[in-house]
Amino acid sequence: MTVIGTRSRPVGAGARRGFSPLRDLPALLWLIVVVVVSLVHRELPAPRWLLIHLLLLGAVTHSILVWSQHFTDALLHNAPTATAYRTRSVRLVLCNVGAALVLVAVPTDRWVLATVGASAVALAVGWHAVSLVSQLRHGLGSRFAVTVRYYVASAALLPLGALFGVLMARGLSEQWHVRIMVAHVMVNVLGWMGLTVLGTVVTLWPTMLRTRIAEGAEHTARRALPVLLAGLLIGVAGCLVDLRPVAGAGLLVYAGALVLLARPFVSVARAKPPMHFATWSVAAAVAWLAGLVAILGVGVLVAPSWMAAHELADAITPGLAAGFGAQVLLGAMSYLVPVVVGGGPSGARAANVEMDRGGALRVAITNVGLVVFLLPAPSPVRVVVSAAVLVALAAFLPLMFRALRAARRARQQPVESVPRSQRTGPAPVAADRPRGQVTGLAATGVALVVLAVAAGVAVDPTALAGTKHESSAAGIAATGETTRVEVSAANMRFTPDTVEVPAGNRLVIEVTNTDDTDVHDLVLDSGVDSGRLSPGESKVLDVGVVGRSIEGWCSVVGHRQMGMVFHVRVTGLDQAQAAAVDGATDGSGMAGMPGMDHSGQDSTGQDSTSQGSAAADLDFAAAPAPGFEAHDPALPPVEESRVHRRTFRVSEMSAEVAPGVRQQLWTYNGTMPGPTLHGRVGDRFVIRLVNDTQMGHSIDFHAGETAPDRNMRTIAPGESLVYRFTARRSGIWLYHCSTMPMAVHIANGMFGAVVIDPPNLPRVDKSYLMVQSELYLGAQDGPVDAAKVMGEQPDAVVFNGYANQYDHDQIEVKVGERVRVWVLDAGPNRTTSFHVVGEQFDTVFAEGAYLLRPGNAERGGSQALALGAAQGGFVELSFQHPGHYPFVSHLMVDAERGAHGIFHVTR
């Protein structure tokens, strides 16, 4: 270990050497969880939020507490007592437990638990700040005490960031949410993380490079700290008082301070260039911080709205998390852990050799891959590249364990076997690699990212925009002329929807999504594909030479059926050319997919999306796999609070909907039907809707009365809104996605129930909820077949999302128990007639009114509750005899295709 500047104390001094579980394990465990969650993220709620916060709130925050205390002890020449170590351990436990509570509570929408967790983290960090201030006041003077002041400033900011996080978790209006989110990023990433890192590199960076600190570095650090704090406070104030230019200006002030700090950082690197993974990783992390802060500052300054600023902050957050947070953490740990694990110089050298394995390769894959990921690359490319980046970052974990093992082995060597030069003195790093070898590894990393991009393109060949597809020429010679057209996509239409192109001309289409909220694309039958376009995005398509008519459409599920089709008509063909085109195509002048005509149907007239349907695997007599548990039919109890705050996250997931049949569903909070809300007349509901998918979605609560223009609008991927309503009338009310085509979104899982009890509703022994819906099966693990929805051709009709589930997991009831069954017909197309075989209803409530009550026995009973789509009610009955009582939709064709269950009645 080299000393700092002159003969000052080594950075490694003042810390307990050897393994310390509470100090060393949590960061590694958090990183392992990050890797595991990244592998199974599709099965988890809010996976993007979870991954970012596992890394930053879990691993990085723990490491900041540990290493900022370590450096404070070293710089202030502090020798902690046993009591001090115990106090620090309590802080670490408090911080990690609090972080775990937040990470469980936010995705599961437990606001109180999230508040407790965030308070614990804030308390631990605030306590840490107080301790550092005390050490500054009572410790020995140091020319580098400014580093500790950076730590104090960063720790003072963290509780404010925690407050912002709690407010967002509780649910804010959209106007406040987008601004608080930007402020949250500023305070937590640029403040808590950024100030800590910037203060540390003043001394750690030259130490890692084994050189002296640049002249005047500590003076520069003292000058930069108030500028950094001023920039942060100005930026946060701009967010809070709704002054976007002020927020952007604050970020640019922060960026200016980074430029000031860059001078000693760069001068040291020029004197002794980085040659190991640890130094490359830290350098790359600081570069990501500086670049993304500048981008965010300019973006917020010129953004047309807070929503645009929020979208930019949201888009670059993965870069801040992985490019800055992960790389600075892994780089610093790669250098520091060998220093403190013990084993002497030989142990440190052995550990450093392991930590440096493939360093240039890993750094190249991580940074080039992140650039590709953050660019508007096609989805398959982003998936493959992100996997490559994950592998490069995760390689740290096995290397860390190898390093610990190597250090332990070195520690166990007899002293006589260790060269005398390695028995004492500063801990060495791994030997420098030849520059040629380093360059070769870096080039290999870049090449692997290129291969990852190629693999993504191989998964979806249309991912390469601008690729020419010769099938559009149909043998017609090129004229050398180019036809350029501009096409807009909005309101389920392309404008213009038809263009004419002279035969032999090259066609170039610039397609722009001018919709306010929805995602679209343009796919041509020649294979040219724009890829998904968010609102405002454009793509230039080079169709190539056109010699035949071409058909196009939007491939977002249901959009083609709503009329989003596009036509290219070729003109100027003479008789011989027309004959040649017919010979090169199927006779219709099109060279589309084999067996397809220009209507998008196969030779049987069936829509192409129906081919390979999971309906072929549908067997209503089949039983689910062992261990199957049905959707809980019990109606959740009414909450005591009169204000119901929930977060609904829209997600895509693959789920079984019948034995052996899986579909890609669009869901609210990962279930079909979505969460049930249960309240009373007069209750207020505050629902935050978050769109975690790659297409537009919305929500419409029939239980509320509000203008559709705002609350029910479609929100783009990554956006959110807050929907507020007061339940003024009783009944069971449908909620559903109202994004067009609405029938398709409902049919693919986006619906649920709000139950508002009538006043003075009598108590019953059991209360159940049955939501009827329809399945229009696409391919296995594919989304809904939109053509079947539009053609009203369901493959199954089900209660609570799964065919015949209550035949296999029957509902247990006792003889004589009073049973209430709430029924909602979610549709989107079929009616229902709810009937219990072998029993009669003495109470019927439909659409807000009683049709039959027990006191009206002379008027008879009821055998069925008839409901149209979006209607609901409840029935009550008591079973007089033990047995198995089927309940069905008495539209018998529906009962025989899944709308069937059994009450198992016992004494």
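Up top is the structure these notes are about.
How each quantity is defined
Residues numbered from 1 in each chain as written. Predicted model: local features only at pLDDT ≥ 70, side-chain atom pairs only at ≥ 80, totals over all residues. Heavy atoms only, no water. Helix = DSSP H or I, 4+ residues; strand = E, 2+ residues; numbered from the N terminus. Expected span 1.5 Å × (residues − 1). Phe/Tyr/Trp six-rings, centres within 6.5 Å; stacked < 30°, edge-to-face > 60°. Lys NZ or Arg CZ within 6 Å of the ring centre and 35° of its normal. Core = buried A, V, L, I, M, F, W, Y, C linked by side-chain atoms within 4.5 Å. Buried < 20%, exposed > 50% of the residue type's maximum accessible area, 1.4 Å probe, protein only. Contact = heavy atoms within 4.5 Å. Salt bridge = Lys/Arg side-chain N within 4 Å of Asp/Glu carboxyl O. Pairing = 2+ DSSP bridges. Axes fitted to C-alpha atoms, helices over the stretch in contact; angles between N-to-C directions. Parallel < 35°, antiparallel > 145°, perpendicular 65-115°, else oblique. Left-handed = near helix turned anticlockwise from the far one by under 90°. Nonpolar A, V, L, I, M, F, W, Y, C, P; charged D, E, K, R; others polar.

## Observations concerning helix α5 (residues 145-170)
Here's step 1: Given a rise of 1.5 Å per residue, 26 residues ought to cover 38 Å, and the 39 Å separating the end C-alpha atoms of α5 matches this to within 8%.
Here's step 2: Downstream of α5 by one or two residues, G171 has phi in the positive range, about 110°.

## Brief notes about the packing of aromatic side chains
Here's step 1: Within the structure shown, the criterion is met by 26 aromatic pairs.
Here's step 2: With centroids separated by 5.0 Å and ring planes inclined at 75°, the aromatic side chains of F701 and Y723 adopt a geometry described as edge-to-face. Taken together, the residues span a long stretch of sequence, with F701 in strand β13 (residues 700-701) and Y723 in strand β14 (residues 720-726) at a distance of 22 residues.
Here's step 3: Among the aromatic residues, those joined into a ring-pair cluster are Y768, F799, Y806, F834, F841, F879, Y885, F887 and F903.
Here's step 4: The lysine or arginine in question, R91, covers the ring of W127, its NZ or CZ lying 5.5 Å from the ring centre.
Here's step 5: One cation-aromatic arrangement involves R853 over Y850; the distance from NZ or CZ to the ring centre is 3.8 Å.

## Focus on the nonpolar core
Burial of nonpolar side chains together is a common tendency in soluble globular proteins.
Here's step 1: Of all hydrophobic cores here, the largest spans 151 residues; its most connected members are L55, Y150, L228, F324 and F396.
Here's step 2: L55 has contacts with L31, V34, V60, A321, A322, A326 and L329, leaving out every residue within four places of it along the chain.
Here's step 3: Of all hydrophobic cores here, the second largest spans 56 residues; its members include V568, V570, I699 and I715.

## Topic: the pattern of salt bridges
Here's step 1: Enumeration over the complete set of coordinates arrives at 21 salt bridges.
Here's step 2: The residue E354 makes a salt bridge to R357 at a minimum N-O spacing of 2.8 Å.
Here's step 3: Residue class for E354 comes out buried when judged on its relative accessible area of 9%.
Here's step 4: By relative accessible area, R357 is classed as partly exposed at 36%.
Here's step 5: Salt bridges sharing common partners tie together R818, R820, D842 and E876.

## Quick look at the sheet that holds strand β26 (residues 883-889)
Here's step 1: The strand order across the open sheet formed by five strands is β19-β27-β26-β21-β24, and the pairing between neighbours is mixed. Of all strands in the sheet, those with a lone pairing partner are β19 (811-814) and β24 (865-867), marking the two edges. Sheet twist, expressed as the mean angle between neighbouring strand axes with direction ignored, is 20°.
Here's step 2: Pairing between strand β21 (residues 832-836) and β24: three bridges, direction antiparallel.

## Regarding the pairing of strand β10 (residues 661-668)
Here's step 1: Burial analysis of β10 places six of its eight residues in the buried class, which makes it a mostly covered element.
Here's step 2: Two strands pair when backbone bridges link them, and strand β9 (residues 643-658) and β10 are joined in this way by eight bridges, in the antiparallel orientation. Bridging from a neighbouring strand, E656 pairs with R662 of β10.
Here's step 3: The hairpin formed by β9 and β10 contains two residues between the paired strands, and G660 there has a positive phi angle of roughly 80°.

## Focus on the pairing of β14
For a regular strand, side-chain orientation follows a simple rule: the groups alternate between the two sheet faces.
Here's step 1: Most of β14 sits inside the fold, with five of its seven residues counted as buried.
Here's step 2: The pairing of strand β12 (residues 684-691) with β14 spans seven bridges and is classified as antiparallel. Pairing of F685 across the sheet is with F725, part of β14.

## Topic: the packing of helix α9 (residues 277-302) against helix α10 (residues 306-340)
Here's step 1: For the pair α9 and α10, interaxial distance at closest approach is 8 Å and the crossing angle is 165°. By the angle class used here, α9 and α10 are roughly antiparallel. For the pair α9 and α10, the crossing hand works out as left-handed.
Here's step 2: Grouping the constituent residues of the contact of α9 with α10 by class yields 21 nonpolar, seven polar and no charged.

## Regarding the sheet that holds strand β6 (residues 538-545)
Here's step 1: Sheet architecture is open: four strands sit in the order β2-β1-β4-β6, paired in mixed fashion. The open sheet is flanked by β2 (493-495) and β6, the only strands paired with a single partner. Neighbour-to-neighbour, the strand axes of this sheet turn through a mean angle of 25°, independent of strand direction.
Here's step 2: Pairing analysis gives three bridges linking strand β1 (residues 482-490) to β2, with the strands arranged antiparallel. Counted as the bridge partner of A490 is R493 from β2.

Read these as geometric descriptors, not functional statements.
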